[in-house]
Amino acid sequence: MVNFLIFGPPGSGKGTQSVRLAEKFNLTHLSTGDMLRAEIAAGTDLGTRMSSIMSRGELVPDEVVIEMIAARIDNTEGSEGFLFDGFPRTVAQTEALEKMLNKRGMKIDSMLVLDVDHDELVKRLVLRADLSGRPDDRDPAVIENRIDVYRAKTEPIIEFCRQRGIYQPVNGMGTIDDIFERLSGFVKKFL
Ligand code: ADP
C-alpha cells in the first residue's frame, strides 16, 4: 500500500484532483470534508453538531475526524493505497494518522502540496459557490477565515513532513489537466 496526502489551501483543487488521481491509480480517496457533509445531509446527530463549526470555517475537533478515518482504513480492500484529502489538518491529526498507519505496517509515503496564489484561491471559491451550493463557499468572510485557519493550523504540517523527507510541492496554477499531469508524475514514482 502507498499512502499520499494531498494538500493545499481551500480552493487549491484538492477535491477535483483527488477524484481523478484515485480513479487513474486505483487509490482509495478519503475526504473528511465529504464525510462530514454526508453526515450533515443524512441528518445525523454528529452532522448536526458539526454543521455550525463548518459554516464558520473553523475546524471540527481532531477526535471526530480521526475516528472517521480510522473506521475507513479498516474497511477498505483491493486498492493500491490511500489518498487523504483534507485530512490531516492539524499536527495532532498528522501524528494520529502516522500512528494508525504504522500500527498496520504502513506509512505516509508522500505529501503532495498544491501551491496556488491567494487571489486565485478566492476567485475559484467564489466561482465554486454557484456550482457546489456549499454554504461555506458563499460568504467571503468565511472563505478568508478558512484560508487563515489553513495558514495557522494546517501549514505547520508541511514542516513535519519536510523533516520526514516526504514533502513534495506541486505547482497548482494552470488548467485542471495541467495540474493533473504534474500530480500524476509524482504519484507514478511510487507505484
Ligand atoms: P475546503 O475546500 O475548504 O478545504 P473541505 O471540504 O476539506 O473544504 O472541508 C470543509 C470543512 O469541513 C472545513 O472548513 C472544516 O470545518 C471541516 N473539516 C474537514 N476536514 C477536517 C479535518 N480534517 N479537521 C477538522 N475539520 C475538518
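Everything below is about the structure printed above this text.
Analysis parameters
- By convention here, each chain's residues receive numbers from 1 onward along its written sequence.
- Given that the model is predicted, a residue must reach a pLDDT of at least 70 before its local features are reported, and side-chain atom pairs must reach 80 or more before they are shown or counted; all residues, however, enter totals for whole chains, interfaces and linings.
- By convention in this description, side-chain values take in all heavy atoms of the structure and omit both hydrogens and water.
- By nonpolar core we mean a set of buried residues, namely Ala, Val, Leu, Ile, Met, Phe, Trp, Tyr and Cys, connected to one another through side-chain atoms within 4.5 Å.
- To sort residues, take the accessible area from a 1.4 Å probe on protein chains only and compare it with the maximum for the residue type: under 20% means buried, over 50% means exposed, and anything in between is partly exposed.
- Counting from the N terminus, the helices are the DSSP runs of H or I reaching at least four residues and the strands are the DSSP runs of E reaching at least two.
- Only heavy atoms enter the contact rule, under which two residues are in contact if any of them lie within 4.5 Å.
- Near, as used in this document, describes a residue that has one of its heavy atoms within 4 Å of the molecule or strand being considered.
- By the criterion applied in these results, polar contacts are pairs of N or O atoms within 3.5 Å in which, for protein atoms, one can donate a hydrogen and the other can accept it, and in which residues neighboring in sequence qualify only through two side-chain atoms.
- Residue exposure ignores everything except the shown protein chains as possible cover, and the areas themselves are Shrake-Rupley values with a 1.4 Å probe.
- A fitted line through C-alpha atoms serves as each axis, taken over the contacting stretch for helices, and the angle formed by two N-to-C directions is quoted from 0 to 180°.
- The classification used treats Ala, Val, Leu, Ile, Met, Phe, Trp, Tyr, Cys and Pro as nonpolar, Asp, Glu, Lys and Arg as charged, and all other residues, Gly among them, as polar.
- Between any two strands, pairing holds if DSSP finds at least two bridges.

We now examine the nonpolar core. Within the largest apolar cluster, 31 residues are counted, with the highest numbers of intra-cluster contacts made by Ile69, Ile73, Phe84 and Leu97. Elements with a minimum of two residues in this core: strand S1 (4-7), helix H2 (32-41), helix H3 (45-56), helix H4 (62-73), strand S3 (81-85), helix H5 (91-103), strand S4 (110-115) and helix H8 (156-163). Sort the elements by how many residues they give to this core and H4 lands first, with 6 residues. Not counting residues up to four positions away in its chain, the partners in contact with phenylalanine 84 are Asn3, Phe4, Leu5, Ile6, Leu30, Ile69, Ile73, Leu97 and Leu101. Within the second largest apolar cluster, 15 residues are counted, among which are Ile6, Leu21, Ala22 and Leu27.

Residues in close proximity to the ligand total 19 residues, the closest being Thr32, Arg37, Glu58, Arg89 and Arg146. At 2.8 Å, a side-chain N or O of arginine 37 approaches an oxygen atom of the ligand. Burial of the ligand by the surrounding chains reaches 97%, relative to a free accessible area of 550 Å². No other element matches the 4 residues that H2 contributes to the shell around the ligand.

Running from N to C, helix H7 (residues 140-154) and H8 point in directions that differ by 35°, and their axes come no closer than 5 Å. Of the residues in H8, those touching H7 at Arg151, Ala152, Lys153 and Thr154 are Pro156, Ile157 and Ile158. Residues that form the contact of H7 with H8 fall into these classes: 4 nonpolar, 1 polar and 2 charged.

Residues Phe4 and Ile6 of S1 are buried on one face, and the alternating residues Leu5 and Phe7, pointing to the opposite face, are buried as well. Here 3 bridges tie S1 to S3, and the two strands are oriented parallel to one another. Across the sheet, the residue bridging to phenylalanine 4 is leucine 83, located in S3. Across 4 bridges, the pairing between S1 and S4 is parallel. Bridge pairing in S4 places phenylalanine 7 opposite valine 113.

Another point: the sheet that holds strand S5 (residues 167-171). Sheets are built from strands paired through backbone hydrogen bonds, the pairs being either parallel or antiparallel. Taken in spatial order, the 5 strands make up an open sheet running S2-S3-S1-S4-S5, and their pairing is parallel. Of all strands in the sheet, those bounded by a partner on one side alone are strand S2 (27-31) and S5. With strand direction ignored, the average angle separating the axes of adjacent strands in the sheet is 20°. Across the sheet, helix H1 (residues 14-25) touches S1, S2, S3 and S4, and the angle it forms with S2 is around 160°. Where helix H9 (residues 176-188) meets the sheet, it contacts S1, S2, S4 and S5, and its direction lies at approximately 160° from that of S5.

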